[in-house]
Amino acid sequence: MRSALGLMLASVVTAIVIAGVWFWTSSPRADAAPPQTTAAAKADPLPAAARQAARDDVETTAALSKRADATQAAAPAATPAPAPAPVAAAPKCANPDALGISRTVVVDTNGGPGFGFLQYKQYDFLTDKEVVLTFDDGPWPTTPAVLKALADECTKAVFFPIGLHTTYHPDILRQVAAAGHTIGAHTWSHAHLASKKLTEQQAKDEIEKGFSAVKLALGANPAPFFRFPALAHTPATTAYLGTRNIAMFSVDVDSNDFKSKSADEVINNVMTKLDKEHKGIILMHDLQKHTAQALPTLLRKLKAGGYKVVWMKAKTQLETLPEYDAMMAKTEKPIATGRPIGNVVQTVAE
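Since this is a predicted model, take the numbers as computed values, not measurements.

## Observations concerning the state of the cysteines
In total, this model carries one disulfide according to the counting rule given. Here Cys93 pairs with Cys154 through a disulfide, and the sulfurs are 1.9 Å apart. Across the disulfide from Cys93 to Cys154, rotation about the S-S bond amounts to roughly 80°, and the bridge is consequently right-handed. With Cys93 in the loop between helix 2 (48-74) and strand 1 (103-107) and Cys154 in the loop between helix 3 (143-152) and strand 4 (158-160), this pair connects stretches of sequence that are 61 residues apart.

Right, here's the structure in full:
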């Protein structure tokens, strides 16, 4: 009996030992040495360009890996974050049948180039059926109606304001700028610069004060675009504008709106002359009531007639002269002080 029990006990111990040896030799261990490998042959060094490309690839891959790790940490791998929905771009123009702008040209005003074939025949940059819209003599209370007509047709123009008028209505001139139009100048007081009563210095003052007044109203430099009142220039004034790198604007199609008796007459003047010229710089006045009334219909007629608007911008803005800026700053009207606005204007319902 004892022999039998001893034999059984010896068998059990032997089985346990065998199992332990098998487990120890066949299972991986955390502290076991890594498997031995055969060393590869040493590679030849890469050329400098290849080294840079490899480094760039590594850096890019590393950056992508970091972003991937961050994405995995932010969301479970099984449920990737959905891609954001594409945001539709805001329409450039709400009017699908608008006159619009066919092309935009940037003018390098170095040397004072001239535009408008009535006086300056150097640069014939317009093709058949192309027009440039220009407005003189603002800003004026009629100007916002002109701006609305242009905005409704999603088109742009060049404005030549009178300096003195900008001191009356600086807020309106800022509306012109906010609408994205090009703003030059049209002298300080609409003086006739070819008059024998004006000295060269006085003519220079009219030009520079006009530009500085526009700058004061806008809080920014105007475009180096200038139109002579009554298109009256002299060799001295054109030479001066050349030294200041200011472009001169004349006209191809004169609306004669300043002496027109109705909006229909303004429209007829422009369209009749365009039928003859087929293209050109159109001169209008945003302070003329009939022009403001005529413009919505005139723009539609331009569209119907196959005409296209070219918008002129300056390559660089004009640096006004400090002495004239200081002179214009003295003309700025002080804001009247009084009771606080809350005591004058109160909201009673919304």
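## Some details on the packing of aromatic side chains
Within the structure shown, the criterion is met by eight aromatic pairs. With 5.8 Å between their ring centres and 40° between their planes, Phe115 and Tyr123 make a pair best called tilted. Relative to Phe159, the ring of Phe135 lies with its centre 5.2 Å away and its plane at 20°, an arrangement referred to as stacked. Taken together, the residues span a long stretch of sequence, with Phe135 in strand 3 (residues 130-136) and Phe159 in strand 4 at a distance of 24 residues. Assessed through its relative accessible area of 0%, Phe135 is described here as buried. Judged by relative accessible area, which is 3%, Phe159 ranks as buried. An aromatic cluster of at least three residues, connected via ring pairs, comprises Phe115, Tyr123, Phe125, Phe160, Phe225 and Phe249. Over the ring of Trp311 we find Lys156; its NZ or CZ atom is 5.9 Å from the centre of that ring.

## Things to note about the pattern of salt bridges
Per the stated rule, a full pass over the model turns up ten salt bridges. Close ionic contact of Lys315 with Asp108 constitutes a salt bridge, the shortest N to O distance being 4.0 Å. Separated by 207 residues along the polypeptide, Lys315 in the loop between strand 10 (308-314) and helix 10 (322-329) and Asp108 in the loop between strand 1 and strand 2 (114-115) bring together distant segments of the chain. Residue Lys315 is classed as exposed on the basis of its relative accessible area, which comes to 57%. Given a relative accessible area of 46%, Asp108 falls into the partly exposed group. Residue Arg300 pairs with Glu153 through a salt bridge whose shortest N-O separation is 2.8 Å. Of this pair, Arg300 sits in helix 9 (residues 289-304) while Glu153 sits in the loop between helix 3 and strand 4, placing them 147 residues apart in sequence. Look at Glu153 and you get buried, because its relative accessible area is 6%.

## Concerning the sheet that holds strand 2
Read across the open sheet, the three strands follow the order 2-7-6; overall the sheet is parallel. Of all the strands in the sheet, just strand 2 and strand 6 (225-226) have a single pairing partner and so form its edges. Pairing of strand 2 with strand 7 (residues 247-249), which is carried by two bridges, proceeds in the parallel orientation. Note that in strand 7 the partner of Gly114 across the bridge is Met248.

## Things to note about the packing of helix 8 (residues 263-277) against helix 9
When two helices pack together, their arrangement is captured by the angle between the axes and the distance separating the axes. Packing of helix 8 against helix 9 leaves a shortest axis separation of 8 Å and a crossing angle of 40°. Classed by the angle they form, the pair helix 8 and helix 9 counts as oblique. Two packed elements cross with a definite hand, and for helix 8 against helix 9 that hand is right-handed. Contacts between helix 8 and helix 9 pair Ala263, Val266, Ile267, Val270, Met271 and Leu274 from the former with His290, Gln293, Ala294, Thr297, Leu298, Lys301 and Leu302 from the latter. Here the residues of the contact of helix 8 with helix 9 sort into nine nonpolar, three polar and one charged.

## Details of the pairing of strand 10
The buried count for strand 10 comes to five of seven residues, which makes it a mostly enclosed element. With five bridges connecting them, strand 1 and strand 10 associate as parallel partners. Across the sheet, Val107 pairs through a bridge with Ala314, a residue of strand 10. Judged from the two bridges that link them, strand 3 and strand 10 form a sheet pairing that is parallel. For Glu130, the partnering residue across the bridge sits in strand 10 and is Lys308.

So, how was this worked out
- Residue positions are given per chain, counted from 1 along the sequence in the order it is written.
- Two thresholds apply to this predicted model, a pLDDT of at least 70 for residue-level local features and 80 or more for giving and counting side-chain atom pairs, whereas whole-chain, interface and lining totals are computed over all residues.
- The side-chain quantities take in all heavy atoms of the structure and omit both hydrogens and water.
- In what follows, a disulfide is any cysteine sulfur pair within 2.5 Å.
- Strands are runs of DSSP state E lasting at least 2 residues, helices are runs of H or I lasting at least 4, and numbering of each runs from the N terminus.
- Any pair of Phe, Tyr and Trp rings, taking the six-membered ring for Trp, is counted once the centres come within 6.5 Å. Such a pair is stacked with planes under 30 degrees apart, edge-to-face with planes over 60 apart, and tilted for the rest.
- Relative accessibility under 20% of the residue-type maximum defines a buried residue, over 50% an exposed one, and the middle range a partly exposed one, all with a 1.4 Å probe and only protein chains included.
- A ring has a charge above it when a Lys NZ or an Arg CZ is no more than 6 Å from the ring centre and no more than 35 degrees off the ring normal.
- The working definition used for a salt bridge is a side-chain nitrogen of Lys or Arg within 4 Å of a carboxyl oxygen of Asp or Glu.
- The rule for pairing is simple: two strands pair if DSSP sees at least two bridges between them.
- With axes taken as lines fitted to C-alpha atoms, and helix axes fitted only over the stretch in contact, angles between N-to-C directions fall between 0 and 180 degrees.
- Reported orientations rely on four angle classes, namely roughly parallel under 35 degrees, roughly antiparallel over 145, roughly perpendicular from 65 to 115, and oblique for the rest.
- Working rule for handedness: look at the near helix, and if it is turned counterclockwise from the far one by less than a right angle, call the crossing left-handed; if clockwise, right-handed.
- In what follows, residue pairs with any heavy atoms lying within 4.5 Å of each other are defined as contacts.
- All amino acids are sorted into three groups, where Ala, Val, Leu, Ile, Met, Phe, Trp, Tyr, Cys and Pro are nonpolar, Asp, Glu, Lys and Arg are charged, and the leftover types, Gly among them, are polar.

Interpretation note: all reported values are geometric properties and have no functional meaning in isolation.
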